Number of protein chains: 2
Amino acid sequence: MDIPQHSYLSAADALALRYGADAAPTAGPWNEHISLLLSHRSVRGYRPDALPQGTLETLIAAAQSAATSSNLQTWSVIAVTDPDKKAALAKVAANQKHIEQCPLFLVWVADISRNQRLGAAEGVTLEVMPYQETFLVAAIDAALAAQNATVAAESLGLSCVYIGALRNNPQEVARIVGLPSGAFGVFGMCVGFASPAAANEVKPRLPQDVVVHHDVYDATGEQAHRAAYDALMGTFSTRNQMAADTWTRRVIGRMGKIAAMSGRDKMVSALNAMGFELK
Amino acid sequence: MDIPQHSYLSAADALALRYGADAAPTAGPWNEHISLLLSHRSVRGYRPDALPQGTLETLIAAAQSAATSSNLQTWSVIAVTDPDKKAALAKVAANQKHIEQCPLFLVWVADISRNQRLGAAEGVTLEVMPYQETFLVAAIDAALAAQNATVAAESLGLSCVYIGALRNNPQEVARIVGLPSGAFGVFGMCVGFASPAAANEVKPRLPQDVVVHHDVYDATGEQAHRAAYDALMGTFSTRNQMAADTWTRRVIGRMGKIAAMSGRDKMVSALNAMGFELK
């Protein structure tokens, strides 16, 4: 199969890559922005080349342009370029080598410490701080910002990959990048130019019918769709020299055993120690 | 002040609107994708016009193209067009009238129920289900997907606004759209054509120096930046016929008192009842 690499595929081609030809929806309204979004791939190998001057500022401007709950802006980002710090962060994240390879590693932070400092400076107790809701808002704020940064980076010909494995040891991440209480590294992100060896295909997703519900949640037909998606992912993984794997086996492998959490089963006590009471 | 409305502003103009002329960073690499991201505004008034045929499918294709942790795809979306359901959801969300006005209201769902059904069908216990980490992954998955949908919608000339107030009463939201156990409406989103009366300016954000840290978290200079941002937001709110408000007052208003949480202080017990143990 000849995989088109250009960012601006037609709707029909982009949808066929994302869902497989048999499950692709009929193309609706379309433009090059949407082609860009559909062309996303997570990349796990980078050239050592530095980013063009001013790239970080552009990515952050995109990130800050995302919505933020009540304009509270409860997120921060640590731009890590120091090789020792990247190596230490890679160690937290199960030695993922691309963290050391990439020229820029971003630690996206759910950060209620800044607003806490504001309260302290103004002599006001901010009563909402110890709640689960406040942590959730901060994590979502960080996620919306990070996704905009991803889109901006990919539009510039750069590649990215989210690194959830920073949560394997959030307190060690906090130590490495000096986070204050009330700041939690939600995930990391590699940014850089993809190495030729890391070029990969768009990964297919579940059929739209499984994910979208109309007015009422309805799981009818889910099993048949899952079987078709398992077949699609089996072919995809074989074609990409990965271990042959269905989605069903993937989910069971990741969610079946506590051991697969790599320490994230202890996250609540870590969060509590880091200033998030989660009540 | 003459506010340019075109989506494709120059880097200098877009950055000046987002940060104020005094705090705007020097423009780095740029293109029309980035201009689009910078032009985001949350819109709270909609024309009744229906969306073009196929719009939902395009938005969902964009959403599903976002990264998802380990390809677990632990999110769903309810596309609400039924007027009675929109009215009921508006009632949960402090009667925000734009929820009823917009032609499409999306409920973004952190959804571990689908993977749970997979485990049940395969006769496997998925041990990670009761953990905070699993809820967090699902909420972040939903957020990344929703942000891609927002970018796609705005690229098509549509407008959006996130509705966090669905969390005022997550169990009532679940009842309205029929969510199973293990599915939680993280936030809503209005999608539609902005009414002329709802046209608004790009909202300025905190200076980049406050949000970005280099290798190590560093809050030096934060107070001075906050004072400058307070002045900028005071001018912005006056110019937009909003109650004059600084960022400092906004944060204290939203975070100072439990009453401002509108019921979200009870979210943990709601989540527990909805199938998220959060351990």
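What comes next is a walk through the structure.

Cut-off values and rules
Residues numbered from 1 in each chain as written. Chains lettered and ligands numbered in written order. Predicted model: local features only at pLDDT ≥ 70, side-chain atom pairs only at ≥ 80, totals over all residues. Heavy atoms only, no water. Least-squares fit on C-alpha atoms with pLDDT ≥ 70 in both. Contact = heavy atoms within 4.5 Å. Pairing = 2+ DSSP bridges. Helix = DSSP H or I, 4+ residues; strand = E, 2+ residues; numbered from the N terminus. Axes fitted to C-alpha atoms, helices over the stretch in contact; angles between N-to-C directions. Salt bridge = Lys/Arg side-chain N within 4 Å of Asp/Glu carboxyl O. Buried < 20%, exposed > 50% of the residue type's maximum accessible area, 1.4 Å probe, protein only. Parallel < 35°, antiparallel > 145°, perpendicular 65-115°, else oblique. Left-handed = near helix turned anticlockwise from the far one by under 90°. Buried area = accessible area lost by both parts, 1.4 Å probe.

### Some details on the relation of the copies chain B and chain A
Of the transformation superimposing chain B on chain A, the axial component is 0.0 Å and the angular component is 180°, with the fit at an RMSD of 0.0 Å. Each copy turns onto its partner about a two-fold axis. Residue by residue, 100% of the interface of chain B is reproduced at the interface of chain A, so both copies engage with the same surface.

### A word on the sheet that holds strand 2 (residues 104–111) of chain B
Ordered by their spatial adjacency, five strands build an open sheet running 5(A)-1(B)-2(B)-4(B)-3(B), and the pairing between neighbours is mixed. The strands lining the two open edges of the sheet, one partner per strand, are strand 5 (212–214) of chain A together with strand 3 (159–163) of chain B. Within this sheet the neighbouring strands show an average axis-to-axis angle of 25°, counted without direction. Where strand 2 of chain B and strand 4 (residues 183–192) of chain B come together, eight bridges link them in antiparallel fashion. Residue Phe 105 of chain B lies in a different strand from strand 4 of chain B, and its bridge partner there is Cys 190 of chain B. Sitting on the sheet, helix 3 (residues 55–64) of chain B is in contact with strand 5 of chain A together with strand 1 (75–80), strand 2 and strand 4 of chain B, with an inclination near 165° to strand 1 of chain B.

### Some details on the pattern of salt bridges
For side chains of opposite charge, pairing can occur when their charged atoms come near one another. Within the structure shown, the criterion is met by 22 salt bridges over all chains. In this structure, the salt-bridge partner of Arg 117 of chain A is Glu 222 of chain B, at a minimum N-O distance of 2.7 Å. Pair noted here: Arg 117 of chain A is in helix 6 (residues 113–122) and Glu 222 of chain B is in helix 10 (residues 222–239), and the two residues belong to different chains. With a shortest N-O distance of 2.9 Å, Glu 172 of chain B and Arg 175 of chain B are connected by a salt bridge. One end of the pair, Glu 172 of chain B, and the other, Arg 175 of chain B, are both in helix 8 (residues 170–177), three residues apart, so they sit about a helical turn from each other. Note on Glu 172 of chain B: relative accessible area 24%, which makes it partly exposed. Overall, the relative accessible area of 58% leaves Arg 175 of chain B in the exposed class. Connected through shared salt-bridge partners, Glu 133 of chain A together with Arg 167 and Arg 264 of chain B make up one network.

### A closer look at the packing of helix 7 (residues 132–155) of chain A against helix 7 (residues 132–155) of chain B
One can describe the packing of helix 7 of chain A onto helix 7 of chain B by two numbers: an axis separation of 8 Å at closest approach and a directional angle of 45°. Classified by the angle their axes make, helix 7 of chain A and helix 7 of chain B are oblique. Helix-helix and strand crossings are classified by hand; for helix 7 of chain A and helix 7 of chain B the assignment is right-handed. Counting all contacts with helix 7 of chain A, which are made through Gln 132, Phe 135, Leu 136, Ala 139, Ile 140, Ala 143, Leu 144, Gln 147, Asn 148 and Val 151 of chain A, the residues of helix 7 of chain B involved are Gln 132, Phe 135, Leu 136, Ala 139, Ile 140, Ala 143, Leu 144, Gln 147, Asn 148 and Val 151 of chain B.

### As for the interface of chain B and chain A
If you look at the interface, chain B gives 126 residues, while chain A gives 126 residues. Interface area for chain B against chain A, summed over the two sides, is near 10400 Å², with a carbon-plus-sulfur share of 63%. Looking only at chain B, the three residues that lose the most surface to chain A are Asp 215, Tyr 217 and Met 255 of chain B, adding up to 8% of its buried area. At the junction of chain B with chain A, the criterion picks out 10 salt bridges. The residue Glu 127 of chain A makes a salt bridge to Lys 257 of chain B at a minimum N-O spacing of 3.5 Å. Ranked by the residues each element gives to the side of chain B that touches chain A, the list is headed by helix 7 of chain B, at 15 residues. Bridging between strand 1 (residues 75–80) of chain A and strand 5 (residues 212–214) of chain B involves three bridges; their strand directions are parallel. The partner of Ala 79 of chain A across the bridge, within strand 5 of chain B, is His 214 of chain B.

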